[in-house]
Amino acid sequence: MSPAKTSTFLSSVESMLNRAMGLMDLPPGLGEVLQQCRAVYQMRFPVKIAGKWQVFEGWRANHSEHLLPTKGGIRYAPEVDQEEVEALATLMTFKCAVVDVPFGGAKGGLKIDPRKYERHQMERITRRFTLELDKRGFISPSQNVPAPDMGTGAREMAWMADTYRTLHPDDIDAIACITGKPPQMGGIRGRVQATGRGVQYALREFFCHPEDIEAAGLEGGLAGKRVVVQGLGNVGFHAAKFLEEEDGSRIVAIIERDGALRSSAGLPVKEVRKYIVANGGVKGFPGAEYLAEGLTALEDQCDILVPAALEGQITTENASRIEAKLIAEAANGPVTAEADAMLLEAGKVILPDMYVNAGGVTVSYFEWTKNLAHMRFGRMGRRLMQMRSEAALELLETVLERQVPEGFSKAFRQEADERNLVLSGLEDTMREAYEGIRAVWHARDDVPDLRTAAYILAIGKVAHHHHEYSLA
Ligand code: GLU
């Protein structure tokens, strides 16, 4: 069952964008520039599947090219269409601006149900799709850099990167044409977990600010908080797992395609994921209540709701029944514009998608710079840092005439390896972005929510760039 769609995804994004622009003093006409996608390429290409030609339909949209390359994932889904891709590309522009990654916004989509094809067929389709993108300059390390999104992952990125470098053998940066690759193929450690990790960091940042916690009608920290998660895909799974294992939150419901699981004691996220992989759904998972009408669990009593599936899940139809006080949008566009207004009216606080799920593109940025540098992060300095911390610890223990506590020496010895550097960069990025957003939220009486604040912050940066530095 899918919820009643009160407005399209694209019109929701446009109306949220307009609301924020209405509160800004932009140069004349610039608002219109920022509303529209610069270029959309629609393609139809044939691939022979089991002896029969099949035509596949796909899109790549560039929303803003004020910075290049443009950046954004490629989605494989049966319902994807041009409007959805345009809405997602628009969000990417502002997402990149919120977290200060120097990219324009883009997104791609291929209308396909990946579960219906075998691995070798997916490979052929993906490589053919890459050829189409390449023909029109919609994939390139300097112009347009795709990444994983719903229905795609490191495997698809590897095929695309390999196709691209075969087509451009003399481009020394060819591998930077796409991010989210496997580490063995120029990917970066931590990219798979990055979006979920970013959701966790966003929530941690929120819970660092008593004023914001109070605005949501909550108290304390993440420990013990009841969390409902919709979608145990890559983003939802990692976010839920980190919140459960590292912050002591209780995952009281998990909503999946075939229904929902509930447990007031908290669900074991890793076990649930294993069960879904083995059984294709949550039904039958032991030790939890099963709900066939899974979407009703969005309305469960809880502290935090993390929609990590599709857009348009909270609409005018169910918004008035949402019990969560805080909504962290791990998915893109899970709340429609009308529902957003209703939730705001009801005193809910929403951590907006363009901030909450920006961890993915942030770590993609690290991957891209690593590819351009042709060297893994930490390679030059790690040993030096190691020697320094060993020497400092030794001196400290000599002076103190005793061993330092184990926790301290462990923290002190933390290696500056790629994984830790990625985490440090991501945490810092999420922290700084939240500070920027909440500053706008609290400074202006006419900014009622974090989404509008995030848009204002992001639009300001993009508009400045356009106005001051762009050719056209
Ligand atoms: N698809 C992800 C997003 O929506 C990641 C994009 C990227 O890494 O470029 O943010």
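Data block above holds the structure.
Because the structure is a prediction, the values reported are computed rather than measured.

About the criteria used
Residues numbered from 1 in each chain as written. Predicted model: local features only at pLDDT ≥ 70, side-chain atom pairs only at ≥ 80, totals over all residues. Heavy atoms only, no water. Helix = DSSP H or I, 4+ residues; strand = E, 2+ residues; numbered from the N terminus. Polar contact = N/O pair within 3.5 Å; in protein donor to acceptor, adjacent residues only side chain to side chain. Contact = heavy atoms within 4.5 Å. Pairing = 2+ DSSP bridges. Axes fitted to C-alpha atoms, helices over the stretch in contact; angles between N-to-C directions. Phe/Tyr/Trp six-rings, centres within 6.5 Å; stacked < 30°, edge-to-face > 60°. Buried < 20%, exposed > 50% of the residue type's maximum accessible area, 1.4 Å probe, protein only. Lys NZ or Arg CZ within 6 Å of the ring centre and 35° of its normal. 1 Å grid on protein atoms, 1.4 Å probe; cavity = no way out; pocket = protein on both sides within 12 Å on 5 of 7 lines; lining within 4 Å. Points joined across faces, edges and corners; volume = space filled by probe spheres on them. Nonpolar A, V, L, I, M, F, W, Y, C, P; charged D, E, K, R; others polar. Expected span 1.5 Å × (residues − 1). Patch = residues over 30% accessible without salt bridge, like charges linked within 9 Å, V, L, I, M, F, W, Y side chains within 5 Å. Areas by Shrake-Rupley, 256 points an atom, 1.4 Å probe, with all protein chains shown as cover. Salt bridge = Lys/Arg side-chain N within 4 Å of Asp/Glu carboxyl O. Core = buried A, V, L, I, M, F, W, Y, C linked by side-chain atoms within 4.5 Å.

Trainee: Looking at this structure, I do not really get the side chain of T152. What am I missing?
Mentor: Along the chain, T152 turns up in the loop between β5 (144-148) and α5 (154-167). Polar contacts involving the side chain of T152 include one to the main-chain amide nitrogen of D149, which spans 2.8 Å. Setting aside residues up to four positions removed in sequence, T152 forms contacts with I74, Y76, A147 and M157.

Trainee: I would appreciate a short explanation of unusual backbone geometry in the present structure.
Mentor: Negative phi is the rule for most residues except glycine; trans is the rule for most peptide bonds. Along the chain, L68 connects to P69 via a cis peptide bond; the corresponding omega equals 0°. Positive phi values are uncommon outside glycine, yet D100 reaches one of about 55°.

Trainee: Where do I start with the sheet that holds strand β2 (residues 52-64) in this structure?
Mentor: The strands making up a sheet are joined through hydrogen bonds of the backbone, oriented either antiparallel or parallel. Ordered in space as β1-β2-β4-β3-β5, the 5 strands form an open sheet in which the pairing is mixed. Of all the strands in the sheet, just β1 (39-49) and β5 have a single pairing partner and so form its edges. Within the sheet, the average angular offset between the axes of one strand and its neighbour, ignoring direction, is 25°. Bridging between β2 and strand β4 (residues 104-111) involves 6 bridges; their strand directions are antiparallel. Across the sheet, the residue bridging to A61 is K107, located in β4.

Trainee: What is the right way to read the packing of aromatic side chains from this model?
Mentor: For any pair of aromatic rings, geometry is given as the distance between the ring centres together with the angle between the planes. According to the stated counting rule, one finds 14 aromatic pairs in the structure shown. Arranged with centres 5.8 Å apart and planes meeting at 15°, the rings of F45 and F129 form a pair that is stacked. Remark: F129 occurs in helix α4 (residues 119-135) and F45 occurs in strand β1; sequence separation between them is 84 residues. Assigned by exposure class, F45 and F129 land together as buried. Look at F206 and F207: their rings are 5.3 Å apart centre to centre, the planes differ by 80°, and that puts the pair in the edge-to-face class. Here F206 and F207 have matching classes, each one buried. Clustering of aromatic rings is evident, with ring pairs tying together F45, F56, Y76, Y117 and F129. The ring of F242 has R197 sitting right over it, with the charged end atom 3.6 Å from the ring centre.

Trainee: Whenever I open this one, empty space enclosed by the protein confuses me. Can you help?
Mentor: Taking a probe equal in size to a water molecule and rolling it over the atoms shows the remaining empty space. Inspection of every chain in the model, using the stated rule, returns 1 cavity of 30 Å³ or more. Considering only enclosed or pocket space, the largest cavity measures out at about 40 Å³ in volume. Together, D340, L344, K348, I350 and D449 line the largest cavity. Grouping the constituent residues of the lining of the largest cavity by class yields 2 nonpolar, no polar and 3 charged.

Trainee: I would appreciate a short explanation of helix α3 (residues 82-98) in the present structure.
Mentor: In an α-helix, one full turn covers 3.6 residues, which means residues spaced three or four apart are oriented alike. For α3, built from 17 residues, the straight-helix expectation of 24 Å at 1.5 Å per residue is met to within 8% by its first-to-last C-alpha distance of 25 Å. Across the 17 residues that make up α3, a large majority, 15, are buried.

Trainee: Teacher, can you tell me more about a nonpolar patch on the surface here?
Mentor: A cluster of nonpolar residues, L396, L400, F408 and F412, forms a patch on the protein surface that exposes about 320 Å² of accessible area. Where the nonpolar patch is concerned, the elements lending two or more residues are α13 (382-400) and α14 (406-413). Within the element layout of this structure, L400 appears in helix α13.

Trainee: Which parts of the structure should I look at to understand the nonpolar core?
Mentor: Across soluble globular proteins, you tend to see nonpolar side chains buried next to one another. Counting 91 residues, the largest nonpolar core has L203, L351, Y355, Y455 and I459 as its most contacted members. Top element by residues in this core is helix α16 (residues 450-469). It accounts for 10 residues. Residue contacts for L351: discarding those within four places in its chain leaves A202, L203, F206, L326, I327, A328, E329, V356, Y434 and L450. Y164, A174, C177 and M185 belong to the second-largest nonpolar core, a separate cluster that totals 27 residues.

Trainee: Explain the sheet that holds strand β10 (residues 304-307) here, please?
Mentor: Read across the sheet, 7 strands follow the order β9-β8-β7-β6-β10-β11-β12 without closing on themselves; strand pairing throughout is mixed. The open sheet has two free edges, formed respectively by β9 (289-291) and β12 (349-351), since each of these has just one partner strand. With direction set aside, neighbouring strand axes in the sheet form an average angle of 20°. Two strands pair when backbone bridges link them, and strand β6 (residues 226-230) and strand β7 (residues 250-256) are joined in this way by 5 bridges, in the parallel orientation. Bridge pairing in β7 links Q230 to I255.

Function cannot be inferred from these measures alone, as they are strictly geometric.
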